[in-house]
Protein chains: 2
Amino acid sequence: MKIKVAGVGLTKFGELWDKSLLDLAIEASIGAIKDSRIDKKAIDAIFVGNMLIGKIAGQDHLGPVVASSLGLSCASFRIEGACASGGLAVHLAIQGILAGTYKNVLVVGVEKMTDAPTGQITWALMGASSSKERKAGLTFPALYALITQAHMQKYGTTRKQLAAVSVKNHYHASLNKSAQYPFEITIEKVLNSNLISYPITLFDSSPITDGAAAVVLSSDTNSKGVYITGSATFSDTIDLAERDSLTEFKATKLACSEALSQAGVEIQDIRVAEVHDCFTIAEILAMEDLGFCPAGAGGKFVESRTTRLGGKCPVNTSGGLKACGHPVGATGVKQIIEITQQLKDSAGARQVKNANCGLTQNVGGTGATVVVHVLQN
Amino acid sequence: MKIKVAGVGLTKFGELWDKSLLDLAIEASIGAIKDSRIDKKAIDAIFVGNMLIGKIAGQDHLGPVVASSLGLSCASFRIEGACASGGLAVHLAIQGILAGTYKNVLVVGVEKMTDAPTGQITWALMGASSSKERKAGLTFPALYALITQAHMQKYGTTRKQLAAVSVKNHYHASLNKSAQYPFEITIEKVLNSNLISYPITLFDSSPITDGAAAVVLSSDTNSKGVYITGSATFSDTIDLAERDSLTEFKATKLACSEALSQAGVEIQDIRVAEVHDCFTIAEILAMEDLGFCPAGAGGKFVESRTTRLGGKCPVNTSGGLKACGHPVGATGVKQIIEITQQLKDSAGARQVKNANCGLTQNVGGTGATVVVHVLQN
């Protein structure tokens, strides 16, 4: 499998009061099309990754909303898979190219979250979860708190280890102009910030974010550049209660194994990765489930600085969901952009040396959907 | 292109107070899997077509909701493109098979609409339209009323001709056990029913419906059966006001031309069709845009009985959206099922003789998305 990342476009991530969802989607899309140097008219399909705008502002049918704003009448789709909407949109765009149906595809992930009151956003996000979990009064921080507690009990993972994820990702974000929170924080800051759902504090949690990320994918395999060489997704039970284990995401393991196999590489070959750190425990699970470290060792692994810039395999150089921000539909596409920039040696102050193989992991809900991509140059 | 329709499953369409969205999705899915005689474990992807359940009941992320209810952890997706969600789900499932990524794919379209108050449904459905149209206070009947009036003024189309669509489709539904309204009506009944938005009456309009439709699509091309041989989708401006013409859907023309070309057939070869008669004018536009008759002649064409059972090319033998019902996410998949049954000679009382080539046309919004499929045996 070899799909070219022909162009990328990214908006600022943050509280963007002066911009609509469509403004953001179009800014990122035009950026990606320009970057690709492909004539706009040669785009033959548009995949929009979005979770929330129907629920919080009434607008569905985003395929033709974006297509017509770009002046295109090509095929267009809106893909939804909770916080994995962007990654799934990339995966399905790839299928259209591999099928031979489409040659140049625009994928744009977008979310406009800060216009809605927090209570509405909390309700809307819980659509990613099961009706039983909603009826039980659980929120997403509460669900991930259950996972965190299980991991602490089983493996002795500490709150300081969790906080280390956040500190690292804020450091990376401090080098990223697009990030929502481009500043450093300390372990103490995380531990002493407001408790959301024990043991998760405010600074263990990714924020509410506006933003868009777009890529142009192409069937062109003749030129130099960055290629997606593996793309896989699997699902797991929507209910946490139905899982055999709370301390792993099986869908991550399955998707990672399949994507690495497609790419013909092993996890040891990965030099840089973007993973789904919606809460700090999620990055620790990702390290274990992707095979960067053994089960239970994720906390120590993060503390070892292996995944910090300068380490052997930097993780979430963008700042991750925690500090770059988490516009849910955009996240999976932004991950592809960050790895593309790293592999193109164009990541500036946060450039990973000799990055030639990278990976993204995008999660929907509490692991009910996971999408993994492998990129190579 | 040759994708096998390996199995089909359909629930009753109607006001199904005793069943949840998940009940319906699973009933149709299990039906399709059983019909396909493919082992459930061999299903490697699930595509769920749904527009509304997030907005009206809070549940998104339907891919793993359906997958985990079936006990599967394969790839799963939710596709949304307003009332074309089902057709788009079929199109994208086909891409996954053509790509070689998936071999056996379950596509399930589902909607549970009758639990919500009418006002909420009206609001939710308007997500298919543009924000300008919503701000102008337009509803879907009002948008299609504008199209109807334009067609009447330009071509002299009459209310009786519009009513003839409804009368024909109710006749077909009277032969279909799954239909929401399996009874005949008269031209007078349509003309004298409550006015919704001039000139559209209650009986010019498709109803609010609960229901699910599922197909198993397969890469197997060695055995006898029904195959999808063309699949294409295009988009148009989301705003009606931005169109050059109100009396045609350009996306229908583009999608039809491409799908016929893929299948290597012409419109004259089509022996049976399911088209998107959300309002009576929509079937008249479909006849013209698909090329069954010249522009402007759709009204007379419907009156000619060519598209009634016994005619040269029966249209909407299921009863169409008008009389079989319109659970929006399910409609595009149900169309595939009806044509499959016709081509398998298993449509019972509504069997079209010598049907060997059929077509479906599924519309999102007021033509901003159109998906066309061609099926052959």
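Because the structure is predicted, anything quoted here is derived from the model rather than measured.

With that settled, consider the overall build of chain A. What chain A contains, in helices and strands, is 14 helices and 11 strands. Rg of the C-alpha trace for chain A: 19 Å, near the compact-globule value of 21 Å for 377 residues, within the 12% margin. If you line up chain A on its principal axes, its C-alpha atoms span 55 × 45 × 40 Å. The proportion of buried residues among the 377 residues of chain A is 68%. Considering only contacts in chain A between residues 6 or more positions apart, those separated by 24 or more positions represent 77%. If you sum the accessible surface of chain A, you get close to 12200 Å²; carbon and sulfur atoms cover 51% of it. A distance of 4 Å separates the average location of the 35 positive side-chain charges in chain A from that of its 33 negative side-chain charges.

Turning next to the interface of chain A and chain B. Every contact between the two is made by 53 residues of chain A and, on the other side, 54 residues of chain B. Overall, the association of chain A and chain B removes approximately 3700 Å² of surface from exposure, summing both partners, and the carbon and sulfur fraction of that is 53%. Contact with chain B buries area across many residues of chain A, yet His61, Glu80 and Ser235 of chain A alone supply 17% of it, more than any other trio. At the surface where chain A touches chain B, the tally comes to 4 salt bridges. Across the pair Lys55 of chain A and Asp60 of chain B runs a salt bridge whose closest N-O atoms are separated by 2.5 Å. Viewed at the interface, chain B and chain A are joined by 30 residue pairs in polar contact (both at pLDDT 80 or more). Listed by contribution, the elements that provide at least two residues to the side of chain A that touches chain B are helix H2 (53-57), helix H3 (62-69), strand E3 (75-80), helix H4 (85-98), helix H5 (118-125), helix H6 (131-135) and strand E8 (227-235) of chain A. Residue classes in the side of chain A that touches chain B are distributed as 25 nonpolar, 22 polar and 6 charged. Note that E3 of chain A and strand E3 (residues 75-80) of chain B share 3 bridges and pair antiparallel. Bridge pairing in E3 of chain B links Ile79 of chain A to Ile79 of chain B.

Residues and elements named next belong to chain B. Contact geometry for helix H4 (residues 85-98) and helix H14 (residues 328-343): axes closest at 5 Å, N-to-C directions at 60°. Considering the angle they form, H4 stands oblique to H14. Of the residues in H14, those touching H4 at Ser85, Gly86, Gly87 and Val90 are Gly329, Gly332, Val333 and Ile336. In terms of residue class, the contact of H4 with H14 is built from 3 nonpolar, 5 polar and no charged.

Our focus in this paragraph is the packing of helix H7 (residues 140-155) of chain B against helix H11 (residues 280-289) of chain B. Residues and elements named next belong to chain B. Following both chains from N to C, one finds H7 and H11 inclined at 55°, their axes separated by 10 Å at the closest point. Classified by the interaxial angle, the pair formed by H7 and H11 is oblique. The crossing of H7 and H11 is left-handed. Contact residues: Tyr144, Ile147, Thr148 and His151 in H7; Ile281, Ala282, Ile284, Leu285 and Glu288 in H11. Partitioning the contact of H7 with H11 into residue classes produces 6 nonpolar, 2 polar and 1 charged.

Okay, H4 of chain B next. All names here are of chain B. Over its 14 residues, H4 runs 20 Å from end to end, which matches the ideal 20 Å to within 8%, given 1.5 Å per residue. Within H4, 13 of the 14 residues are buried, which leaves it mostly tucked inside the rest of the structure. Following H4 by one or two positions, Gly100 adopts a phi angle in the positive range, close to 90°.

All names here are of chain A. The buried fraction of strand E4 (residues 104-111) is high, at 8 of 8 residues. In E4, alternate side chains face the same way, and those of Asn104, Leu106, Val108 and Val110 on one face and Val105, Val107, Gly109 and Glu111 on the other are all buried. The sheet contact formed by strand E2 (residues 45-49) and E4 spans 5 bridges and is parallel. If you follow Ala45 over to E4, its bridge partner there is Val105. By the bridge criterion, 8 bridges tie E4 to strand E7 (residues 211-218) in an arrangement that is antiparallel. Residue pairing for E7: Asn104 is matched across the bridge by Ser218.

Turning our attention to the nonpolar core. By size, the foremost hydrophobic cluster in this structure holds 94 residues, and its most contacted members are Ile46, Tyr144, Ile270 and Leu359 of chain A. Among the elements that line this core, the one with the most residues is helix H1 (residues 21-36) of chain A, at 7 residues. Look past the residues within four positions of Ile270 of chain A in its chain and what remains in contact with it is Leu260, Phe292, Cys313, Cys357, Gly358, Leu359 and Val374 of chain A. Within the second largest apolar cluster, 88 residues are counted, among which are Leu72, Ala116, Ile200 and Ile267 of chain B.

To continue, consider the relation of the copies chain A and chain B. Overlay of chain A on chain B (RMSD 0.0 Å): rotation 180°, translation along the axis 0.0 Å. When the rotation and shift are considered jointly, the pair of chain copies conforms to a two-fold rotation axis. Looking at the rotation axis and the C-alpha trace of chain A, the residue lying nearest is Ala99 of chain A, at 2.0 Å. Here 100% of the interface residues in chain A have copies in chain B that are interface residues too; the copies meet face to matching face.

Bringing the pattern of salt bridges into the picture now. Per the stated rule, a full pass over the model turns up 26 salt bridges over all chains. Between Asp236 of chain A and Arg243 of chain A there is a salt bridge whose closest N-O contact spans 3.4 Å. Of the two residues, Asp236 of chain A and Arg243 of chain A, neither departs from the other in class, the shared state being buried. The structure contains a network of salt bridges with shared partners spanning Lys55 and Glu80 of chain A together with Asp60 and Arg78 of chain B.

Definitions and cut-offs
- Residues numbered from 1 in each chain as written.
- Chains lettered and ligands numbered in written order.
- Predicted model: local features only at pLDDT ≥ 70, side-chain atom pairs only at ≥ 80, totals over all residues.
- Heavy atoms only, no water.
- Helix = DSSP H or I, 4+ residues; strand = E, 2+ residues; numbered from the N terminus.
- Rg over C-alpha atoms; globule rule 2.2 N^0.38 Å.
- Buried < 20%, exposed > 50% of the residue type's maximum accessible area, 1.4 Å probe, protein only.
- Contact = heavy atoms within 4.5 Å.
- Areas by Shrake-Rupley, 256 points an atom, 1.4 Å probe, with all protein chains shown as cover.
- Lys, Arg positive; Asp, Glu negative; His and termini not counted.
- Charge placed at Lys NZ, Arg CZ, Asp CG, Glu CD.
- Buried area = accessible area lost by both parts, 1.4 Å probe.
- Salt bridge = Lys/Arg side-chain N within 4 Å of Asp/Glu carboxyl O.
- Polar contact = N/O pair within 3.5 Å; in protein donor to acceptor, adjacent residues only side chain to side chain.
- Nonpolar A, V, L, I, M, F, W, Y, C, P; charged D, E, K, R; others polar.
- Pairing = 2+ DSSP bridges.
- Axes fitted to C-alpha atoms, helices over the stretch in contact; angles between N-to-C directions.
- Parallel < 35°, antiparallel > 145°, perpendicular 65-115°, else oblique.
- Left-handed = near helix turned anticlockwise from the far one by under 90°.
- Expected span 1.5 Å × (residues − 1).
- Core = buried A, V, L, I, M, F, W, Y, C linked by side-chain atoms within 4.5 Å.
- Least-squares fit on C-alpha atoms with pLDDT ≥ 70 in both.

So yeah, pure geometry; function would need other evidence.
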